[in-house]
Amino acid sequence: MTQAESNRAYAPVQMEVHGPVLLVTINHPPVNALGLPVRQGLAAAADRLEQDPSIAAMLIVGGGGNFVGGADIREFGKPRQPPFVRDICARLEGASKLVVAAIQGAALGGGLELALSAHYRLAVDGARLGLPEVLLGLLPGSGGTQRLPRLIGVSAALDLMLTGRHIGAEEALALGLVDRIGKGGDAAKAGLTYVEELLRAKTAPRPTRSAGAVRGDEQDLNALAVARETQRKRSPLLLSPHLIVDAVEASVRDSFDDAMVFEQRVFQQCVDSPQRAGLIHAFFSERQATKVPEADRGKARPIEQVGVVGGGTMGAGIAVAALNADLRVTLLERDAGSLARGVERIENVYADLVAKGRMTPEGRDAVLHRLTSSTEYAALGDSDLVIEAVFEDMAIKHAVFMELDRVCKPGALLATNTSYLDIDEIAARTSRPQDVIGLHFFAPAHVMRLLEVVVPRLASADAVATAFAFARRLKKVAVRAGVCDGFIGNRILSVYRRAADYMIEDGASPYEIDEALRSFGYPMGPLQVSDLSGGDIGWATRKRQAATRDPKQRYVQIADRIAERGWFGQKTGRGWYLYRDGARVGQPDPEVLAIVDEERKRAGITPRPFKPEEILRRYLAAMINEGANVVHEGIALRPLDVDVVFVHGFGFPRFRGGPMFYADSQGLGSILADIETFAKEDPAFWRPSPLLVELVREGRNFASLNTALA
Ligand code: T1G
């Protein structure tokens with residue numbers, strides 16, 4: 001290949017002449033993001049369009065299966081360099097010659113804004129169009145807030161920008177977002193045919209800025225009012241949704257040019273906000289966490305047949321998650337009665353979907369056709385992967401793994417869903433420890449995306465790679481964890497729950513604790529969560545840990561007093577809160593406050609007031625400090641893995657990026673200072689993590705440890 005061919009081969013934007021049409025292909029893997037080289041290439045193509053008299057039209061397409069996945073979000077937080085997407089869009093829209101976009105795959109964010117600046121748009125089947133900037137704490141900052149309403153109307157534009165949802169070619173055509181659906185799947189081929197048709201018809205350029213779908217009438221104003229009220233209720237703490245409504249309001253109120261100035265101003269507010277930084281960190285972190293080392297990527301074993309041992313809530317949920325991934329599933333239970341109940345749990349999930357119209361009866365039957373069940377272990381003989389989700393008792397787990405060891409084919413992955421038992425010990429009792437792994441699902445297992453892949457000492461690299469590939473097949477967010485009590489999530493949870501219990505015994509009302517965490521962005525406070533998941537579960541854990549609990553460790557008994565009364569939360573009508581008539585939202589319970597007072601007296605504590613700010617500092621400092629310990633001990637690979645666990649499994653507000661990202665944003669020095677202050681009152685609990693101390697001493701932060709896997 002000559003240098004010229006080599007340069008052209010790797011040019012992110014390639015130009016080819018097809019008669020009077022300049023075909024512009026964006027080739028910038030992995031998703032044709034609009035990084036600087038692509039913007040420079042598009043500017044050169046706009047120059048060519050303007051200056052070459054032999055060119056009558058431009059067709060823009062994306063290579064590699066996508067149109068354009070958006071701006072290059074790695075550039076945010078760094079100095080931005082021209083040419084900017086918004087200026088390229090203005091040039092193309094204002095061109096005196098026809099500009100057409102042909103979309104296949106993703107046309108998202110700046111990618112769709114680029115297509116909006118074309119005069120006509122074609123999409124092929126499988127195209128995904130959307131303005132998902134709101135999910136990154138941003139808003140369409142290249143004219144999308146002005147061109148989209150003018151093209152499809154205020155209400156439809158608000159829906160797409162505020163939900164960030166992707167739409168397909170058919171819906172885009174119905175909305176007027178695209179003009180034609182191309183057949184055959186090849187956007188360039190269909191696009192060239194379309195452009196030639198437009199040229200033959202002597203079609204004039206059609207600037208989207210002049211489209212007339214914004215009417216400024218009662219309907220538009222009402223759509224804006226409804227959107228504003230909805231976002232006030234749904235996203236009180238977020239910035240970009242409200243600014244999106246403001247920008248669309250400007251499309252009704254101002255001229256296009258004035259509104260574009262307004263859009264740029266509110267876009268910059270979003271770019272500068274910590275919420276954009278947190279949400280983009282969350283976006284990249286969940287992709288980093290779910291990767292295995294490059295060298296192991298090809299080692300995953302094929303998985304088509306999955307065995308699930310145990311048809312309880314977790315086992316049934318895991319079976320549904322696997323069925324939903326088009327896998328064949330065999331459910332095993334110890335006897336016919338338990339098996340029938342397990343199968344019924346699975347069938348009920350699909351019956352519910354059918355009842356809600358989210359699944360057809362035929363779809364349900366097709367899924368259940370892939371489910372078999374048995375009380376005989378031999379039925380698992382051809383399973384590629386078996387997951388046990390039986391009672392959390394080591395003797396029972398050993399018995400199950402002994403049977404699996406006996407019947408499963410060589411190379412089958414043997415997984416346990418245990419929440420805290422020692423998986424090294426489980427593995428050691430089999431003849432194939434290299435094939436034993438932990439797959440810790442979170443209830444409900446077919447809904448929660450987080451999956452901790454717990455890696456025992458003897459697990460092979462291909463067993464780990466297989467586990468991650470399985471997680472990806474189930475559309476889970478997998479995070480690698482080491483073996484310890486509680487792995488990453490529950491281990492850290494147990495520590496910051498103790499911090500909350502200490503504050504309650506020292507004077508904070510349980511309801512003040514929950515309110516403080518909701519004001520931070522949690523959908524629910526920890527005591528509401530306890531009532532939702534069931535206070536009996538935490539009670540059982542505390543009783544299990546009692547035998548090995550350090551007697552010097554401060555232990556608060558308030559939760560035990562509540563559980564001893566059978567007040568387990570929503571399922572019993574009361575827990576920390578009162579749930580009258582089956583209400584989902586509980587009310588503060590004076591009897592709980594009386595128990596708190598009794599326990600304070602028993603402990604000889606004179607209660608003191610806690611401000612919400614102090615509640616948050618203590619709660620988050622405990623979470624962050626234990627997160628640092630988990631990274632320091634290698635239970636989590638990196639701080640970003642802790643962030644992903646807490647955003648996806650424990651309700652941590654996504655816009656804050658995760659506990660470790662949030663700690664960096666506050667400054668690790670201030671976190672450490674808090675812990676050292678709290679340690680003066682309780683040195684046994686508040687022990688600064690060696691990693692936190694080291695990072696502060698070296699002037700580094702958690703982000704400096706977030707290296708990509710080799
Ligand atoms: N910028 C930089 N990298 C990106 C990226 C982007 N926009 N989108 C994806 N990547 C990386 C990703 O990190 C991963 O990297 C690889 O590409 C494959 O991604 C100006 C301001 C397009 C639907 O919000 O939704 O435009 O891990 O695993 O499942 O107004 O990526 O391989 O190293 O997700 O096939 C708006 C975000 C940006 C779309 C493809 N755009 N991306 O899904 O692959 S802001 C978005 C996605 C903006 C304008 C505003 C998805 C996808 P690595 P992937 P996928």
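Residues numbered from 1 in each chain as written. Predicted model: local features only at pLDDT ≥ 70, side-chain atom pairs only at ≥ 80, totals over all residues. Heavy atoms only, no water.

*Asks:* It is not clear to me how the overall build of the protein should be interpreted in this structure. Could you clarify?
*Replies:* A tally of helices and strands in the protein yields 29 helices and 18 strands. Taken over C-alpha atoms, the radius of gyration comes to 29 Å for the protein, in line with the 27 Å a tight globule of 710 residues would show. Overall size of the protein, expressed as C-alpha extent along the three principal axes, is 85 × 60 × 55 Å. Counting across all 710 residues of the protein, residues that qualify as buried make up 54%. Within the protein, contacts between residues at least 6 apart in sequence are counted, and of these 72% link residues at least 24 apart. With an accessible surface of roughly 29,900 Å², the protein has 55% of that area assigned to carbon and sulfur atoms. Positive and negative charge centroids in the protein, built from 84 and 87 side chains respectively, lie 1 Å apart. (Helix = DSSP H or I, 4+ residues; strand = E, 2+ residues; numbered from the N terminus. Rg over C-alpha atoms; globule rule 2.2 N^0.38 Å. Buried < 20%, exposed > 50% of the residue type's maximum accessible area, 1.4 Å probe, protein only. Contact = heavy atoms within 4.5 Å. Areas by Shrake-Rupley, 256 points an atom, 1.4 Å probe, with all protein chains shown as cover. Lys, Arg positive; Asp, Glu negative; His and termini not counted. Charge placed at Lys NZ, Arg CZ, Asp CG, Glu CD.)

*Asks:* I would appreciate a short explanation of the site of the ligand in the present structure.
*Replies:* As a structural note, the neighbourhood of the ligand is formed by 27 residues, with Ala-71, Gly-110, Glu-113, Arg-287 and Lys-291 the closest of them. Contact distances for the ligand include 3.0 Å between a nitrogen atom and a side-chain N or O atom of Arg-74. Between Glu-113 and the ligand, the recorded distance is 2.5 Å, taken from a side-chain N or O atom to an oxygen atom. The fraction of the free accessible surface of the ligand (990 Å²) that becomes covered by protein chains is 77%. When contributions to the shell around the ligand are tallied by element, the ones reaching two or more residues are α4 (110-117) and α12 (274-289). With 3 residues, the single largest contributor to the shell around the ligand is α12. Its residues assigned to classes, the shell around the ligand comprises 14 nonpolar, 6 polar and 7 charged. (Near = heavy atom within 4 Å. Polar contact = N/O pair within 3.5 Å; in protein donor to acceptor, adjacent residues only side chain to side chain. Nonpolar A, V, L, I, M, F, W, Y, C, P; charged D, E, K, R; others polar.)

*Asks:* Could you clarify how one ought to interpret the domain arrangement of the protein in this entry?
*Replies:* By a frequent convention, interface size equals the accessible area lost on bringing the separate parts together. Domain annotation for the protein reports domain 1 (3-272) and domain 2 (305-447 + 464-469). One C-alpha centre belongs to domain 1, the other to domain 2, and the line joining them spans 45 Å. (Domains from an automatic or database assignment.)

*Asks:* I'm lost on the nonpolar core in this one. Help?
*Replies:* Within soluble globular proteins, side chains that are nonpolar tend to cluster in buried spots. Counting 94 residues, the largest nonpolar core has Leu-404, Ile-488 and Phe-702 as its most contacted members. The leading source of residues in this core is helix α25 (residues 612-632), at 11 residues. Beyond its immediate sequence surroundings of up to four residues, Ile-488 is in contact with Glu-452, Val-479, Arg-480, Ala-481, Val-630, Ile-635, Ala-636, Val-642, Val-645 and Phe-646. In this structure, Leu-129, Val-134, Cys-270 and Ile-280 belong to the second largest nonpolar core, which totals 72 residues. (Core = buried A, V, L, I, M, F, W, Y, C linked by side-chain atoms within 4.5 Å.)

*Asks:* Looking at this model, I keep getting lost on the sheet that holds strand β2 (residues 21-26). Mind explaining?
*Replies:* The strands that make up a sheet pair up through hydrogen bonds in the backbone, lying either parallel or antiparallel. Spatial ordering of the open sheet is given by β1-β2-β3-β4-β6-β8, a layout of 6 strands whose pairing is mixed. What marks the edges here is a single partner per strand, and that holds for β1 (13-18) and β8 (180-182). Adjacent strand axes in the sheet meet at a mean angle of 25° when their direction is disregarded. The pairing of strand β4 (residues 98-103) with strand β6 (residues 120-124) spans 4 bridges and is parallel. (Pairing = 2+ DSSP bridges. Axes fitted to C-alpha atoms, helices over the stretch in contact; angles between N-to-C directions.)

*Asks:* Mind showing me how you'd approach the environment of Leu-668 here?
*Replies:* Relative to the helices and strands, Leu-668 resides in helix α28 (residues 668-679). When near neighbours in sequence (up to four residues on either side) are disregarded, Leu-668 contacts Ala-663, Leu-692, Leu-695, Val-696, Arg-700, Asn-701 and Phe-702.

*Asks:* What is the right way to look at the side chain of Asp-405 in this model?
*Replies:* By secondary structure assignment, the location of Asp-405 is in helix α16 (residues 394-407). Look at Asp-405 and you get buried, because its relative accessible area is 16%. The residues touching Asp-405, leaving out its near neighbours within four places in the chain, are Leu-414, Thr-430, Ser-431 and Arg-432.

*Asks:* Quick question: what am I supposed to make of the sheet that holds strand β13 (residues 413-416) here?
*Replies:* Here 8 strands make up an open sheet; going across it, the order is β11-β10-β9-β12-β13-β14-β15-β16 and the pairing mixed. Two strands in the sheet have a free side with no partner beyond their single neighbour: β11 (371-374) and β16 (477-481). Each adjacent strand pair in this sheet contributes to an overall mean axis angle of 25°, direction not counted. As paired strands, strand β15 (residues 450-454) and β16 are joined by 5 bridges and run parallel to one another. Of the residues in β16, the one forming a bridge with Leu-451 is Ala-478.

*Asks:* Would you explain unusual backbone geometry in this entry?
*Replies:* Note: most residues except glycine have negative phi, and most peptide bonds are trans. With an omega of 0°, the peptide bond running from Pro-82 to Pro-83 counts as cis. By secondary structure assignment, the location of Pro-83 is in the loop between β3 (57-62) and α3 (85-93). Residues Ala-443 and Pro-444 are joined by a peptide bond in cis, for which omega reads -10°. Examined against the element boundaries, Pro-444 turns out to sit in the loop between β14 (436-441) and β15. The backbone of Lys-202 sits at a positive phi, close to 50°, despite the residue not being glycine. Tracing the chain through its elements places Lys-202 in the loop between α8 (187-200) and α9 (218-234). Residue classification places Lys-202 among the exposed residues on the basis of a relative accessible area of 73%. With a phi close to 55°, Phe-487 is a non-glycine residue in the positive phi region. Within the secondary structure layout, Phe-487 lies in the loop between β16 and α19 (489-506).

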